Amino acid sequence: MDIFMMGKYSAHVWSSFGITAIVIAVCVLQARRLQHNVLQDIRTRLRATEADQ
Amino acid sequence: MWNFLQKMASPPHFYGLSARMIPWLYATGLAAVVYGTVAGLFYAPVDEEMNDGFRIIYVHVPAAYISMAAYMVMAIGAGIGLIWRMKLAHAVAAAAAPLGAWFTFLALLTGSIWGRPMWGTWWEWGDPRLTSELLMLFLYFGYMALRAAIDDTVKADKASAVLALVGAVNVPIIHFSVEWWTSLHQGATLVREGGPGIHPDMLYPLLAMILGFTLLFGALLLARVRAEVLHRERRTRWVRDLVMPAGEVC
C-alpha cells in the first residue's frame, strides 16, 4: 500500500489526478450532449416545418 | 493537394470521416493515458528534490501543453477562416475554445496544487508564467463570450477570429516567460538545449501522457466540430437527409 501513499504529497498528487479525470470526463460528456442537443434541435425544426406545410 | 484540402473542407465529407476517426482517437488516447498514469505514478523513480510531489508533472505538463496547442488550433482555424472564408475552419476555432479553456483551467489548478508544497504558495500574481497562463484563460472566455453575444454566425466568426489572432501573441509569451523573466516556475524540462532534463524512466510516461492527451483532445475537438458543422449546415439537404432519412414519418 506504500506506493499509494506518495510520501507526504498524497493529497496533492491524488487530487491532481482526480481533478484531471473529472475534467476529461466532463469534456467527453459535454461533447456528447452538444451533439445530441443539436440533432434534437434540427429534428424539432424539421418536424415543425413539415407540420406547417 | 488543393483538391484533397477542398475535399476535407467539405462538411458532409468531414462529418463522415470524423465519425470513423473519433473511436480510434479515444481508444489510443485512453490507452496512452492509462500507461502513462500507471508508469508515472507507480514505476517512475522518486525525484531527489520534489520526492513524490513531482508526479503531478504527469497531468500538469500535458494539460499546459494542450492549453497552448488548443489556442494555436483556434488561432490557425480563425486565420484560415478569415483569409479563405472556409466555414469548417471557423467551426474548428469555435470548437477548440471551450476545450482550451478546460485544459487551461486544469493546468492552472494542478500547477497551483503543485506550487503549494514546492513554493509555499497557491498563487503568485507577479509570476510571468502563471499570469500569462491566466490571461490565456480570460482570452478563451472572451472569445466564447464574443461569439455568444453575436447572433449572426458570419459576423461572430469574423469578430472572434480577430480576437483569437490578436491573443495568439500570448502563446510564445507563456512558453518563453520562464526564460525572459525571473519566475518561480521551473524552466523547460523537455524542449531545451541538450535534450530533455529528466531520467528516461520519468520521461517515457510523460511522453505517453502528452501523446494520450493530444489524442483525446483530437477526439474531443472532432466531436465538437461535428456538432458545430451540423448546426451551421442545419438548413442544407445533406443534414436534412442525415437527421430525417427518407421514409421517416414526422
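Please read these numbers as outputs of a predicted model, since none were measured by experiment.

A. Inspection of the overall build of chain A at higher detail. Across its full length, chain A carries 1 helix and 0 strands. For chain A, whose C-alpha radius of gyration is 22 Å, the value lies well above the compact-globule estimate of 10 Å for 53 residues. Counting only C-alpha atoms, chain A reaches 70 × 15 × 10 Å along its principal axes. Relative to its 53 residues, chain A shows a buried fraction of 19%.

B. Broad picture of the interface of chain A and chain B. Taken residue by residue, the interface counts 26 residues in chain A and 32 residues in chain B. Considered class by class, the residues forming the side of chain A that touches chain B number 17 nonpolar, 6 polar and 3 charged.

C. Up close: the packing of helix 3 (residues 57–84) of chain B against helix 6 (residues 153–167) of chain B. Residues and elements named next belong to chain B. Where helix 3 contacts helix 6, the axes come no closer than 8 Å and their chain directions differ by 130°. Put simply, helix 3 runs oblique to helix 6. Crossing hand, helix 3 versus helix 6: left-handed. Of the residues in helix 6, those touching helix 3 at Met-74, Ala-75, Ala-78, Gly-79, Gly-81 and Leu-82 are Asp-157, Lys-158, Ser-160, Ala-161, Ala-164 and Leu-165. Of the residues in the contact of helix 3 with helix 6, the class split is 7 nonpolar, 3 polar and 2 charged.

D. Main features of unusual backbone geometry. Residues and elements named next belong to chain B. Even without being glycine, Asn-51 reaches a positive phi, approximately 50°. Positionally, Asn-51 belongs in the loop between helix 2 (11–43) and helix 3. Judged by C-beta crowding, with 14 C-beta atoms within 10 Å, Asn-51 ranks as partly exposed. For Arg-85, which is not glycine, the phi torsion reads 55° and is therefore positive. Checked against the element boundaries, Arg-85 lands in the loop between helix 3 and helix 4 (87–119).

What counts and what doesn't
- Residues numbered from 1 in each chain as written.
- Chains lettered and ligands numbered in written order.
- Predicted model: local features only at pLDDT ≥ 70, side-chain atom pairs only at ≥ 80, totals over all residues.
- Helix = DSSP H or I, 4+ residues; strand = E, 2+ residues; numbered from the N terminus.
- Rg over C-alpha atoms; globule rule 2.2 N^0.38 Å.
- Buried ≥ 20, exposed ≤ 12 C-beta atoms within 10 Å, placed from the backbone.
- Contact = placed C-beta atoms within 7 Å.
- Nonpolar A, V, L, I, M, F, W, Y, C, P; charged D, E, K, R; others polar.
- Axes fitted to C-alpha atoms, helices over the stretch in contact; angles between N-to-C directions.
- Parallel < 35°, antiparallel > 145°, perpendicular 65-115°, else oblique.
- Left-handed = near helix turned anticlockwise from the far one by under 90°.

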